[in-house]
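Letter by letter, the chains look like this.
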Amino acid sequence: MQTYTILDKKDTRSGFGAGLTYLGKTNKNVVALCADLTGSLKMDAFAKAHPDRFFQVGIAEANMMGIAAGLTIGGKIPFTGTFANFSTGRVYDQIRQSIAYSGKNVKICASHAGLTLGEDGATHQILEDVGMMRMLPGMVVINPCDYNQTMAATIAIAQHQGPVYLRFGRPVVPNFTSPDQIFEIGKAVTLNTGADVSIFATGHLVWKAIEAGHILAQQGIDAEIINIHTIKPLDVNTVIQSVKKTGCAVTAEEHQLNGGLGDAIAQTLVCNLPRPIEMVGVNDSFGESGKPEELLEKYGLHAQAIVNAALKSIKRKM
Amino acid sequence: METENLKNICTQTRRDIVRMVHGAQSGHPGGSLGCVEFMVALYNQIMYHQPKPFDMNGIGQDLFFLSNGHISPVWYSVLARSGYFDVAELATFRFINTRLQGHPTTHEHLPGVRVASGSLGQGLSVALGAAQSKKLNGDDKLVYVLMGDGELGEGQVWEAAIYAAAKKVDNIIATVDLNGQQIDGATDEVLPLGNIALKFEAFGWQVLTIKNGGDIAEVIQVLEKAKLQCNQGKPIAIMMHTVMGNGVDFMMHSHKWHGIAPNDAQLEQALQQLPETIGDY
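Residues numbered from 1 in each chain as written. Chains lettered and ligands numbered in written order. Predicted model: local features only at pLDDT ≥ 70, side-chain atom pairs only at ≥ 80, totals over all residues. Heavy atoms only, no water.

Colleague: Just checking my understanding: could you explain the overall build of chain B for this structure?
Modeller: A count of helices and strands for chain B gives 10 helices and seven strands. Its C-alpha radius of gyration of 17 Å places chain B within 12% of the 19 Å reference for a compact globule of 281 residues. Structurally, chain B occupies a C-alpha span of about 50 × 45 × 35 Å along its principal axes. A fraction of 76% describes how many contacts in chain B between residues 6 or more apart in sequence connect residues 24 or more apart. As presented, chain B carries roughly 10500 Å² of accessible surface, and 50% of it is formed by carbon and sulfur atoms. Computed over 20 positive and 29 negative side-chain charges, the separation of the two mean positions in chain B equals 6 Å. (Helix = DSSP H or I, 4+ residues; strand = E, 2+ residues; numbered from the N terminus. Rg over C-alpha atoms; globule rule 2.2 N^0.38 Å. Contact = heavy atoms within 4.5 Å. Areas by Shrake-Rupley, 256 points an atom, 1.4 Å probe, with all protein chains shown as cover. Lys, Arg positive; Asp, Glu negative; His and termini not counted. Charge placed at Lys NZ, Arg CZ, Asp CG, Glu CD.)

Take a look at the structure:
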């Protein structure tokens, strides 16, 4: 099992902030909009450096999405920032009509996704956002795993022509991917090559999958661990080639089982290579208040849950 | 352009509207007919715009956004007759494989359309973004947007209204089509909107009025006045009083013709009131 060194511990939202700051200096067409959460989204540096290209819209997310769509007319590349809940569910129709259907080059950047938002509770802990965004034709859906990857993804999506949903989070988590990485939209990253089971993870669950890989290795199980940072378009080829080799799959995500990464992988396998698949995610439930790690533990989004799913998936091969 | 020529275009546009909706046996003639003079004035007299080649970014051009997308027939007719696409294409309205979708969209790449609309309340926000994009680009041209009065029930309109004044987006002219009708009946019966002009004023807008949206001379006069009041720190709103179904007697003053098509006899009756002027499509 490949060992990864924790470089430091940082929040992925700060990776977004750093990426946006970089874009501010390097791409004059990049503009940013925020709905009264500039500090939470780590957009302060951009706002301070480029006040003319930063639009504070107040608590009015629907208006923000419309303004972002309009700013593309004239060649701007708008990055909207608010919590994932307010970036998707609250403004689904605005995104659908004014951005996705209209093919607008808007980057919807969503922080505080999932349970790990923590103490604020279920009103803010969206677990359906990936599903909603995946369903929109033409929408790219990205959920990077750590600070460095979120920064790289933020920079990369500015080069992509078309709407993107970039999902990241609040808590401090292990930062282990290379600071020099080139982020390739739609290209899965194999973190460990294995033969017994394919573990596909996204976002905060990628590190949990690495932890699970070490536990499985101690039991003599050789897990292939793949970071699916881009949920749409899915790297179908990598998924199929991996499962062709290992014969079974596990998915892990901080999202509902309905509509998320697990659904995407299952759909791919069922249509191309039917094999056992076990899913780690939230099972048709809302979250609640608590500390991020406590919530991941309570809702079964931890390394041992991935281990258990792997063992079950392997067993189903026989 | 001479007023007489503009009136001829208006009459032809009305013919186009009823023929398109009759041809598709679906669509929205009522609001379309009420906004003919406004749309003809914009595209033939008020805006600086280049139909060909159509440029999505529209830098150096005035831009128009239709927020109440269901009145697509009037817009399509005016776009075609302004040179954005062949008038013959009007015959494809709402048919399979058409670029003239029921509600306007960029998806089929129809020249002249810059954002999809139809789900109401979104156009003002998009127009504000386009207006701010112009400011960033040092582009001194203006952005126009048309909304329906019933549409003002959507909360997003008022989010945008607050924003426009707060951010001093003064290169936008937003017109509200006050025909007093919506699908379920008169706006005063469905959900009374109160004094819309005072609401916009209270939100920090400069408000102008078109007393008779069917009088093209008045429409042009007020739009010209609105242009002169741009770039003075306030967004401009025009309260345009119109008559739903204007120009076809049996369609006038009633919400019933909001979204239904005339039959063959009704089409004949309508066309008798609208003589062909610059040629049918």
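Colleague: For this particular structure, what's the right way to read the interface of chain A and chain B?
Modeller: Note on interface size: it is often stated as the accessible area lost on association of the parts. Taken together, the 27 residues of chain A in the interface contact 30 residues of chain B. Of the roughly 2200 Å² buried between chain A and chain B on both sides combined, carbon and sulfur atoms contribute 52%. Among the residues chain A hides against chain B, the three largest losses belong to A:I73, A:Q97 and A:Y101. Together they make up 29% of the total. On the surface where chain A and chain B come into contact, there are zero salt bridges. (Buried area = accessible area lost by both parts, 1.4 Å probe. Salt bridge = Lys/Arg side-chain N within 4 Å of Asp/Glu carboxyl O.)

Colleague: Looking at this structure, how should I read the environment of A:Q159?
Modeller: Tracing the backbone through its elements, the reader meets A:Q159 in the loop between α7 (147-157) and β7 (164-167). For A:Q159, a relative accessible area of 68% gives the class exposed. (Buried < 20%, exposed > 50% of the residue type's maximum accessible area, 1.4 Å probe, protein only.)

Colleague: Got a minute to help me understand the sheet that holds strand β4 (residues 77-83) of chain A in this structure?
Modeller: The strands that make up a sheet pair up through hydrogen bonds in the backbone, lying either parallel or antiparallel. Residue and element names in this part refer to chain A. Pairing within the open sheet is mixed, and its seven strands lie in the order β3-β2-β4-β5-β7-β6-β12. Each edge of the open sheet carries a strand with a single partner, namely β3 (54-56) and β12 (230-232). Sheet twist, expressed as the mean angle between neighbouring strand axes with direction ignored, is 20°. Pairing between strand β2 (residues 30-34) and β4: five bridges, direction parallel. Following the sheet pairing, A32 is matched in β4 by F79. (Pairing = 2+ DSSP bridges. Axes fitted to C-alpha atoms, helices over the stretch in contact; angles between N-to-C directions.)

Colleague: How do you make sense of the packing of aromatic side chains when you look at a structure like this?
Modeller: Each aromatic ring pair is described using two quantities: the centre-to-centre distance and the angle formed by the ring planes. Under the counting rule described, the total for this entry stands at 13 aromatic pairs over all chains. Aromatic side chains A:F176 and A:W207 sit 4.9 Å apart centroid to centroid with 50° between the ring planes, which places their arrangement in the tilted category. With a gap of 31 residues between them, A:F176 in the loop between β8 (172-175) and β9 (189-192) and A:W207 in helix α8 (residues 205-218) connect regions that are remote in the sequence. Look at A:W207 and you get buried, because its relative accessible area is 13%. Summarising the aromatic geometry, the rings of B:Y43 and B:F64 are spaced 6.0 Å apart at their centres and angled 80° between planes, so their arrangement reads as edge-to-face. Of this pair, B:Y43 sits in helix α3 (residues 36-46) while B:F64 sits in strand β1 (residues 63-66), and the two are 21 residues apart along the sequence. Pair check on accessibility: B:Y43 and B:F64 agree, each one buried. A connected cluster of aromatic rings, assembled from ring pairs, spans B:Y43, B:F54, B:F64, B:W75 and B:Y84. (Phe/Tyr/Trp six-rings, centres within 6.5 Å; stacked < 30°, edge-to-face > 60°.)

Colleague: In this structure, what is going on with the domain arrangement of chain A? I would like to understand it.
Modeller: Residues and elements named next belong to chain A. Taken as a whole, chain A is organised into domain 1 (10-175) and domain 2 (189-317). Centre-to-centre separation of domain 1 and domain 2, based on C-alpha positions: 25 Å. Each side of the interface is counted separately: domain 1 has 33 residues, and domain 2 has 33 residues. Approximately 2500 Å² of surface area, both sides summed, lies buried where domain 1 meets domain 2, with 57% of it carried by carbon and sulfur atoms. Connecting domain 1 to domain 2 are one salt bridge. For K291, the salt bridge identified is with E119, shortest N-O distance 3.9 Å. The interface formed by domain 1 and domain 2 contains 23 residue pairs in polar contact (both at pLDDT 80 or more). Those elements that place two or more of their residues in the side of domain 1 that touches domain 2 are α6 (129-134), β6 (140-142) and β8. Among the residues making up the side of domain 1 that touches domain 2, the classes are represented as 16 nonpolar, 11 polar and six charged. (Domains from an automatic or database assignment. Polar contact = N/O pair within 3.5 Å; in protein donor to acceptor, adjacent residues only side chain to side chain. Nonpolar A, V, L, I, M, F, W, Y, C, P; charged D, E, K, R; others polar.)

Colleague: Is there a simple way to explain helix α1 (residues 3-24) of chain B in this structure?
Modeller: Because the α-helix completes a turn every 3.6 residues, residues three or four places apart line up on one side. Between its first and last C-alpha atoms α1(B) spans 31 Å; for 22 residues at 1.5 Å apiece the expected length is 32 Å, and the two agree. Once α1(B) finishes, B:Q25 follows within two positions and takes phi at roughly 50°, a positive value. (Expected span 1.5 Å × (residues − 1).)

Colleague: What exactly am I supposed to notice about helix α9 (residues 216-228) of chain B here?
Modeller: Residue and element names in this part refer to chain B. The terminal C-alpha atoms of α9, which comprises 13 residues, lie 18 Å apart, in line with the 18 Å expected from a rise of 1.5 Å per residue. Along α9, the residues that are buried comprise I216, E218, V219, I220, V222, L223 and A226. The inward-facing, buried residues of α9 contact α1, α3, β2 (143-148), β3 (172-178), β6 (206-210) and β7 (236-241). At the N-terminal boundary of α9, the capping side chain belongs to D215, with an oxygen 3.0 Å from the backbone nitrogen of A217.

Colleague: In this structure, what is going on with unusual backbone geometry? I would like to understand it.
Modeller: As a rule of thumb, non-glycine residues mostly have phi less than zero, and peptide bonds are mostly trans rather than cis. Between A:K232 and the following residue, A:P233, the backbone shows a cis peptide bond with an omega angle of 0°. The linkage connecting B:K52 with the following residue, B:P53, adopts the cis geometry, with an omega of -10°. Tracing the backbone through its elements, the reader meets B:P53 in the loop between α3 and β1. With a phi close to 65°, B:H253 is a non-glycine residue in the positive phi region. Tracing the chain through its elements places B:H253 in the loop between β7 and α10 (264-272). Residue B:H253 is classed as exposed on the basis of its relative accessible area of 57%.

Colleague: What exactly am I supposed to notice about the sheet that holds β3(B) here?
Modeller: All names here are of chain B. An order of β1-β2-β3-β7-β6 is seen for the five strands of this open sheet, with the pairing classed as parallel. Each edge of the sheet is formed by a strand with only one pairing partner; in this case those strands are β1 and β6. For this sheet the average axis-to-axis angle between neighbouring strands, irrespective of direction, equals 20°. Here β6 runs beside β7; their pairing, made up of five bridges, is parallel.

Colleague: Is there a simple way to think about the side chain of B:S32 in this case?
Modeller: Residues and elements named next belong to chain B. When you line up the elements, S32 lands in helix α2 (residues 29-34). Among the polar contacts made by the side chain of S32, one reaches the main-chain carbonyl oxygen of H28 at a distance of 2.8 Å. Excluding residues that lie within four positions of it along the chain, S32 makes contacts with I17, I71, P73 and V74.

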